[in-house]
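Chain by chain, the residues run as shown.
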Amino acid sequence: MREGCWAAVGLRFFVIDIDGTLTDEGGALDLEAVKTIRMLRALGYEVLLASARSAWEAWTIAKAVQASPIVIAENGGVLAFSPKELLLLGDRALALRGLEVLEKEGLGPRVKETVPPLTCVILEPSLPSERARGALERSGLDVQLVETGFSVLLTKKGVDKARALGVLASMRPSFGPQGGVAVGDGDNDVPLFTLCGYSIAVANASPSAKRAAKYVAGHKYGAGLHEGVEALLRQGLLAPPAKG
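A. Examining the confidence of the model for the chain more closely. Confidence in the prediction for the chain averages 92 pLDDT; 94% of positions are at 70 or higher. Ignoring residues within four places in sequence, the model shows residues 1-9, a span with pLDDT below 50, making eleven contacts including any to other chains.

Okay, here's the thing in structure tokens:
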């Protein structure tokens, strides 16, 4: 019954995480994942990358793997349609105030060496997260701490990948979330898994991501993405999407 529901809705596009899904634990792109993205594009599917990485990094990777040009970056803080057309949904000035709070608390936050983000602060994952959350709560700032497994983000509360997809859908109805397949590995992917019509967690995913997913792959990283897509094909839930 659930499969019939998904088929009736029509899966129209994919939203795929980068780190831990398209890349391995060392950050190298998984070639099987790249092949899978190109296969989906050849079938006519839009394939959006959704990442906690900075907007410029995420967009560059999307171009390199031949994904769709629309990118959700900075864990939903940026909706990028091109390098020159960016919709900012977060607030970097607010995130920097959150960083000041953590520094005054002596928590030793280390900013990750990366292309500077536009709407958040990206920290090394060594930050003591529970103490940091407590400090931010006491400060009263509208700032949240988001752990991805590869980094820690300071960003405005309420900003996440699912909210960004909702904003995109309001602008372009063909991206209505029930027609989406979300693929990822982290706790920060859970809101997207909950929102989309179908979701795939790769084998290296967090327990929360696996619980939220409709399909849990037996393989890690790009092989898990490929496995999930193959499962959809076997179930007859993938076909070239209707135009319009």
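B. A look at the packing of aromatic side chains. The tally for this structure, following the rule as stated, stands at two aromatic pairs. Ring geometry for phenylalanine 14 against tyrosine 45: centres 5.7 Å apart, planes inclined by 85°, an arrangement best described as edge-to-face. With phenylalanine 14 in strand β1 (residues 13-16) and tyrosine 45 in the loop between α2 (31-43) and β2 (46-50), this residue pair connects regions lying 31 residues apart in the sequence. For the residue pair phenylalanine 14 and tyrosine 45, the accessibility class agrees, reading buried in each case.

C. Spatial organisation of the nonpolar core. Core analysis: the biggest nonpolar cluster contains 35 residues, and Phe14, Ile16, Leu49 and Leu232 have the highest contact counts within it. With six residues, helix α3 (residues 55-65) is the single largest residue contributor to this core. Counting residues in hydrophobic clusters, the runner-up holds 24 residues, among them Phe13, Val167, Ala182 and Cys196.

D. Summary view of the packing of α2 against helix α9 (residues 221-234). Put simply, α2 and α9 touch, their axes get as near as 7 Å, and they point 35° apart. Between α2 and α9 lies a crossing whose hand is left-handed. From α2, Glu32, Ala33, Thr36, Met39 and Leu40 reach across to α9, where they touch Gly222, Ala223, Leu225, His226 and Val229. Split by residue class, the contact of α2 with α9 holds six nonpolar, three polar and one charged.

E. Representation of the pattern of salt bridges in the model. For the structure on display, the rule yields nine salt bridges. As a salt-bridge pair, aspartate 17 and lysine 161 come within 3.1 Å of each other at their nearest N and O atoms. Highlighted residues: aspartate 17 in the loop between β1 and α2 and lysine 161 in helix α6 (residues 161-171), separated in sequence by 144 residues. This pair shows no difference in class: aspartate 17 is buried, exactly as lysine 161 is. Salt bridges linked by common partners bring Asp17, Lys161 and Asp189 together as one network.

F. Quick look at α9. The first and last C-alpha atoms of α9 sit 20 Å apart over 14 residues, in line with the 20 Å expected at 1.5 Å per residue. Buried positions along α9 lie against β1, α2, β9 (180-184), β10 (198-201) and β11 (215-216). Within two residues after α9, glycine 236 carries a phi angle of roughly 75°, on the positive side.

G. Geometry of the side chain of serine 199. With respect to the helices and strands, the residue serine 199 is situated in strand β10. Judged by relative accessible area, which is 0%, serine 199 ranks as buried. A polar contact is formed between the side chain of serine 199 and the backbone nitrogen of lysine 214, at a distance of 3.0 Å. Sequence-distant contacts of serine 199, defined by excluding residues within four places in its chain, comprise Ala182, Phe193, Ala212, Ala213, Lys214 and Tyr215.

H. Up close: the sheet that holds strand β8 (residues 152-156). Ordered by their spatial adjacency, three strands build an open sheet running β6-β8-β7, and the pairing between neighbours is antiparallel. Each edge of the sheet is formed by a strand with only one pairing partner; in this case those strands are β6 (121-123) and β7 (143-147). Shown here is a sheet whose adjacent strand axes are inclined to one another by a mean of 25°, direction ignored. Relative to β8, β7 runs antiparallel, the two being bridged by five bridges. From the neighbouring strand, leucine 145 faces β8, where its bridge partner is leucine 154. In the packing of helix α4 (residues 92-104) onto the sheet, contacts are made with β6, β7 and β8, and the angle to β6 comes to roughly 40°. Along the sheet face, helix α5 (residues 129-139) touches β7 and β8 and points at about 165° away from the line of β7.

Reading the values: rules and limits
Residues numbered from 1 in each chain as written. Predicted model: local features only at pLDDT ≥ 70, side-chain atom pairs only at ≥ 80, totals over all residues. Heavy atoms only, no water. pLDDT = per-residue confidence, 0-100. Contact = heavy atoms within 4.5 Å. Phe/Tyr/Trp six-rings, centres within 6.5 Å; stacked < 30°, edge-to-face > 60°. Helix = DSSP H or I, 4+ residues; strand = E, 2+ residues; numbered from the N terminus. Buried < 20%, exposed > 50% of the residue type's maximum accessible area, 1.4 Å probe, protein only. Core = buried A, V, L, I, M, F, W, Y, C linked by side-chain atoms within 4.5 Å. Axes fitted to C-alpha atoms, helices over the stretch in contact; angles between N-to-C directions. Left-handed = near helix turned anticlockwise from the far one by under 90°. Nonpolar A, V, L, I, M, F, W, Y, C, P; charged D, E, K, R; others polar. Salt bridge = Lys/Arg side-chain N within 4 Å of Asp/Glu carboxyl O. Expected span 1.5 Å × (residues − 1). Polar contact = N/O pair within 3.5 Å; in protein donor to acceptor, adjacent residues only side chain to side chain. Pairing = 2+ DSSP bridges.

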